[in-house]
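Descriptive analysis of the structure
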Amino acid sequence: MIFIQSTILVSLFALCSALSIDFVRAFLHLKQSKNALFFLCTLQDVSNLFISTNDDNISARFINLAGLNSKDPTSFLPHNSYAITTCIFDYSCTNSLQVLQAFSSLRYFNTTYSWLFLADNNSRTDVNHILGKLMSVQMNSDITVAEPVPESNGTSFELVDIYAKGRHLCRDVYRTVYGRWSYEGGLEMVANYRRYYVRGNFNGLQVRGTTVIDQDNVTSQDVDRILSVPGTEQGIVSFVKYHYALLVMLRDYHNFGVKYRVTRGWAGRLKSGYRLGLLGILARNEADIAATAIFQRINRHAEFDIIHQSWEFSAGFIYRITPQLSGATGGGNFFTPFEDSVWIASLITLTAILVILKFSVFIIFKSTSNEPNTSLISYLVDIVGTVSQQGIAGRVSARMPIRIILFSLLTLNLVLFNYYTSSVVGGLLSSPGKGPQTIREIIDSPLKLAFRDIGYHKILFRETQVPIIRELYEKKTTGLFNDLRLMSFVVPKRSMYTEMFRITMMRLQEIGLIKRTLKIHRIEKPICQSGGRVLPVEVSGVSTAFAVLGVGMFLSTMIMLLEKLHWNYMMKRQYRNFLN
C-alpha cells in the first residue's frame, strides 16, 4: 500500500449494498483519493466494493478489525505516505475503540490524515463516547462522521466535521454539519462552508503562552500590563513588545485568552542537558505559542514551527557628535584620498624619477659639454614643483631623454591629481564621517558603549565565536552585532494551531496591520542632521596641510641657519688663508 502526506484515511463499516457503495464513492471523490483502506468488522462480501473503487482508479485494501489488537498501527498507517489515501472505519465493531485509541496515542488525527467514521444503521454504538476517548483529536484534524438522517431508512447521511480546540486544555470535541448525501440528490455541501472560519472562533479558550521579560517577580498577570505599555522599559527588548502586539491581534481575531509563562532568557542548557529559556519551553511543548520571536538557527528548526517571519536585524552605529570623535577614525586629512600603498608607490616612483634624471644628465654631461651638470637638489625642486603643479624652476633641457622623463612625470602627476581632487571634492560635497564606521574603529575610539542588561544580549555574547566581537564585548560592552538577522514568530513543532495562525498572519499582513504595527515598534535609523548639503571644511580637515607648511617653514629656517653658519665658516677660512 502506498501513502503520501495529506493522506486521507476513511474508516468505514462493511456495507455492500448499492447505496453504501455510492456513498463511499462520493466521499472518495470529495477527498480526491487515490488509495482506500477499509477497516471492517468482517471481510465478507467486499467484492462489489472492491470492484467499484477499482473502476474509479482507486487502490483498495481491506483490513479485519478483529485481528488488530496486538498489531502496530504504523504497519497500516505510516507517517510517510506517497499518494492521496482514503481509509474507511466501522466504529460499531467490538474492538473499534481500542484500535482508535492506539491510533490516537501515535497522533494520527492531524492534517496528514482524514477520517470517515460509519456504522451499521442497527448499531447502538455511541460515536460521541468514542470521540471523547480520543485525546489527539485537535484543531487540524480531518475527521468526518457519517450519521444517518432519522426516518430516512438509511437513504441519507449527514457529514459531520469533528475537531477539538485543545484536548490538552480539557476542551470538548466540536461537531459541525458541513454536507449531506442522499440517494436521490447525491452529495450536497453546506453553502459557503469554510473550515478556517468555522474553527477560527476559539470561544474564549485559554491557551498557554510564553514570553521573555528580564525582570524580577513577574507573574502571568503582569505580562499584559508590562508589554502593553508604550515606549522602552528595563529588561524588555523592543521586538518583544512588537510580537506581543502580533499576539494580541491573533488573540482578538480568534477569540482566545493567554496564560503566560515568563522566562528571563531565550535559550540555554544545563550540564544535564535540560533546556532552559523560551526555547526549552517550546521544545517540551509546555506552551502553545510564544509571545516573542526567536532566531531561525538551523539547529532549532526541529523544535518549533514558524508562523510568520517577523523581524529583521540590521547592525549599525548611532552616536552623538562630540569633540572626542574629531579625527578619531584617521579621516579628514589630505592623506585620506589615497591608501598607504598608493602613497608609498608614488614616493618610490618619484625617487626613481629623481635618480634616473640625475643619472641621465651625468651620462650626457660626460658625453658632451653642451649639457650643464645640474645638481640633485635642483631636480628635486623640479619634481616637487611638478607634483605641486608649479612648473619647473629652470630651463628645460634640449635632450630628448630628459624631455621624455619630464613628460612622463607630468602625465603621472595629471592622472594622480585627477583622482586626488575628485576624492577631495566628493568628500566636501557629502556628509563627512563623524565617528567610527567599523567594529575595529569602535574598539580603538574613545567612545564608551553600553547596552541594557537583559538576557537577550547575554546569550548573544555567550554563544558568539567571532574573536573581534568578543574583544568588543570585553573592552566596550555592546550588543549590536550578530551574524543572524531574521527572527520568527513561532509555535511548538507540529502544533495544531500552526496552519491556522499562518493563514491569519498572512491575512493581517495583506491588509497592512502588520506593517502599521512594525512602524510603531521598530526603531528606525535616525536621519542624519547634517543632511546632504555642502559642509564647510573644518580645521581638522586642513590640519595636515598646515602641518606640512609648518614643517617646511621650520626645515627651511634650520637649513638657512646652517647655510649661514657654513658661509661664515668658509669666509673666515678664506680670510685666514689670505693672511697666511
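Residues numbered from 1 in each chain as written. Predicted model: local features only at pLDDT ≥ 70, side-chain atom pairs only at ≥ 80, totals over all residues. Heavy atoms only, no water.

1. Considering the nonpolar core
General note: in soluble globular proteins, nonpolar side chains tend to be found buried as a group. Keep this limit in mind: By nonpolar core we mean a set of buried residues, namely Ala, Val, Leu, Ile, Met, Phe, Trp, Tyr and Cys, connected to one another through side-chain atoms within 4.5 Å. Using a 1.4 Å probe on the protein chains alone, a residue whose accessible area is under 20% of its type maximum counts as buried, one over 50% counts as exposed, and one in between counts as partly exposed. Put simply, DSSP H or I for four residues or longer makes a helix, DSSP E for two residues or longer makes a strand, and each gets a number counted from the N terminus. Between two residues, a contact is recorded if the distance between any of their heavy atoms is within 4.5 Å.
With 51 residues, the main nonpolar core has Y497 and F501 as its most contacted residues. A per-element tally of this core places helix α7 (residues 238-254) first, with nine residues. Aside from chain neighbours lying at most four places away, what touches F501 is F202, L250, H254, F256, I289, I307 and V491. By size, the runner-up hydrophobic cluster in this structure holds 31 residues, among which are L77, C93, V137 and I143.

2. A closer look at the pairing of strand β14 (residues 486-492)
For a regular strand, side-chain orientation follows a simple rule: the groups alternate between the two sheet faces. Quick note on the threshold: Any two strands with at least two DSSP-identified bridges between them are counted as paired.
Of all the seven residues making up β14, six are buried; the element is thus mostly covered by neighbouring parts of the structure. In terms of strand pairing, strand β12 (residues 293-295) meets β14 through three bridges, oriented antiparallel. Looking at β14, one finds that F295 is bridged to M487. By the bridge criterion, seven bridges tie strand β13 (residues 304-312) to β14 in an arrangement that is antiparallel. Paired with F304 across the strands is P492, a residue of β14.

3. With respect to α7
Which entries qualify depends on this criterion: Expected helix span is computed as 1.5 Å times (number of residues minus one).
Taking 1.5 Å of rise per residue, 17 residues should cover 24 Å, and α7 covers 25 Å from first to last C-alpha, within 8% of that figure. Following α7 by one or two positions, N255 has its phi on the positive side, about 60°.

4. With respect to a nonpolar patch on the surface
In plain terms, the rule: A residue counts toward a patch only above 30% relative accessible area and without a salt bridge, and it is joined to like-charged neighbours within 9 Å or, for Val, Leu, Ile, Met, Phe, Trp and Tyr, to nonpolar neighbours within 5 Å. Where accessible areas are quoted, they stem from the Shrake-Rupley method and a 1.4 Å probe; at the residue level, only the protein chains shown are allowed to cover. In the sections that follow, a salt bridge refers to a side-chain nitrogen of Lys or Arg positioned within 4 Å of a carboxyl oxygen of Asp or Glu.
Residues V551, F554, L555, M558, I559, M560 and L561 make up a contiguous nonpolar surface patch of roughly 670 Å² in combined accessible area. Note on placement: I559 falls in helix α17 (residues 539-579).

The values are spatial; any link to function lies outside them.
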